[in-house]
Amino acid sequence: MPAVGERAPALTLTDQHGQTVSLDDFRGKQAVLLVFYPFAFSRVCGSELQAIHESVDDFQNERVQVLAASCDALYSLRAYADEAGFGFPLLADHWPHGGAARAYGVFDEERGCAVRGTFLIDTEGVVRWTVVNGLADARSLDDYRAALTAAGV
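Residues numbered from 1 in each chain as written. Predicted model: local features only at pLDDT ≥ 70, side-chain atom pairs only at ≥ 80, totals over all residues. Heavy atoms only, no water.

> Help me get a handle on the packing of aromatic side chains, residues and values and all.
Aromatic ring pairs are defined here through the distance separating the ring centres and the angle between the ring planes. As enumerated under the stated definition, the model contains eight aromatic pairs in all. Here the aromatic rings of Tyr37 and Tyr80 are separated by 6.5 Å at their centres, their planes lie at 40°, and the arrangement is tilted. Here Tyr80 lies in helix α3 (residues 74-84) and Tyr37 lies in the loop between β3 (31-36) and α1 (43-54), a separation of 43 residues in the sequence. Each member of the pair Tyr37 and Tyr80 is classed as buried. The interplanar angle of 80° and the centroid separation of 5.8 Å between the aromatic rings of Trp129 and Tyr144 together place this pair among those described as edge-to-face. Here Tyr144 lies in helix α5 (residues 141-151) and Trp129 lies in strand β9 (residues 127-133), a separation of 15 residues in the sequence. Accessibility assignment for this pair places Trp129 and Tyr144 in one class, buried. Among the aromatic residues, ring-to-ring pairing joins Tyr37, Tyr80, Phe86 and Phe88 into one connected group. Its guanidinium or amino end placed over the ring of Phe107, Arg102 lies 4.0 Å from that ring's centre, counting from NZ or CZ. (Phe/Tyr/Trp six-rings, centres within 6.5 Å; stacked < 30°, edge-to-face > 60°. Helix = DSSP H or I, 4+ residues; strand = E, 2+ residues; numbered from the N terminus. Buried < 20%, exposed > 50% of the residue type's maximum accessible area, 1.4 Å probe, protein only. Lys NZ or Arg CZ within 6 Å of the ring centre and 35° of its normal.)

As structure tokens, then:
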């Protein structure tokens, strides 16, 4: 798992619309709040992502972009995003299965999904804050807000 102050692992995945999204797309422009979650359509994941969606202006603006990633297939993510109306990209870490989650140290080998890991990555690609929770433990949006404020984004 990348520690605070270390360079974030490279990340290039496909979003729910089939578009390639890379951390490099944001370099020098926006920080990235990278949110790994276990599965689309699951109860805790849905409530977490819905809470981000309802407060999206706190987490996504000209200084920062939310990217949410799971090991689900692109088509599941498209249905999930369309149903929920999410205004941020859902990234498919489907193949190689969990490759990005593994690179970030948040892949649960036994369950075949990401645990709840969040990484704030600055405009230079350096991890500035992170939190990792178990599968059943939702993360605090107030912690996200505090991390963004502390990082000046």
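Once you've had a look at it, read on.
> Let's hear about the pattern of salt bridges: which residues, and what values?
Throughout the structure, instances matching the rule amount to ten salt bridges. Between Arg139 and Glu48 there is a salt bridge; the shortest N-O distance is 2.8 Å. Residue Arg139 is found in the loop between β9 and α5, and its partner Glu48 is found in helix α1; the two are separated by 91 residues along the sequence. Owing to a relative accessible area of 8%, Arg139 belongs among the buried residues under this scheme. Asp58 is paired through a salt bridge with Arg145; the nearest N and O atoms lie 2.8 Å apart. Placement of Asp58 in helix α2 (residues 56-59) and of Arg145 in helix α5 is noted, with a sequence separation of 87 residues between them. One network of salt bridges, with partners in common, ties together Glu48, Arg116 and Arg139. (Salt bridge = Lys/Arg side-chain N within 4 Å of Asp/Glu carboxyl O.)

> Let's hear about unusual backbone geometry: which residues, and what values?
Residue Trp95 is joined to Pro96 through a cis peptide bond whose omega torsion reads -5°. Here Pro96 lies in the loop between β5 (90-92) and α4 (99-103).

> Tell me about the sheet that holds strand β1 (residues 12-15), and please be specific about residues and values.
What the seven strands build is an open sheet, ordered β2-β1-β5-β4-β3-β8-β9; its pairing is mixed. Lying at the two open borders of the sheet, with one neighbouring strand each, are β2 (20-22) and β9. Across the sheet, the mean angle from the axis of one strand to that of its neighbour is 30°, orientation sign disregarded. Two elements, strand β4 (residues 64-70) and β5, share three bridges in a ladder whose sense is parallel. Across the sheet, the residue bridging to Ser70 is Ala92, located in β5. Running over the sheet, α3 touches β1, β4 and β5 and is turned about 165° from β5. (Pairing = 2+ DSSP bridges. Axes fitted to C-alpha atoms, helices over the stretch in contact; angles between N-to-C directions. Contact = heavy atoms within 4.5 Å.)

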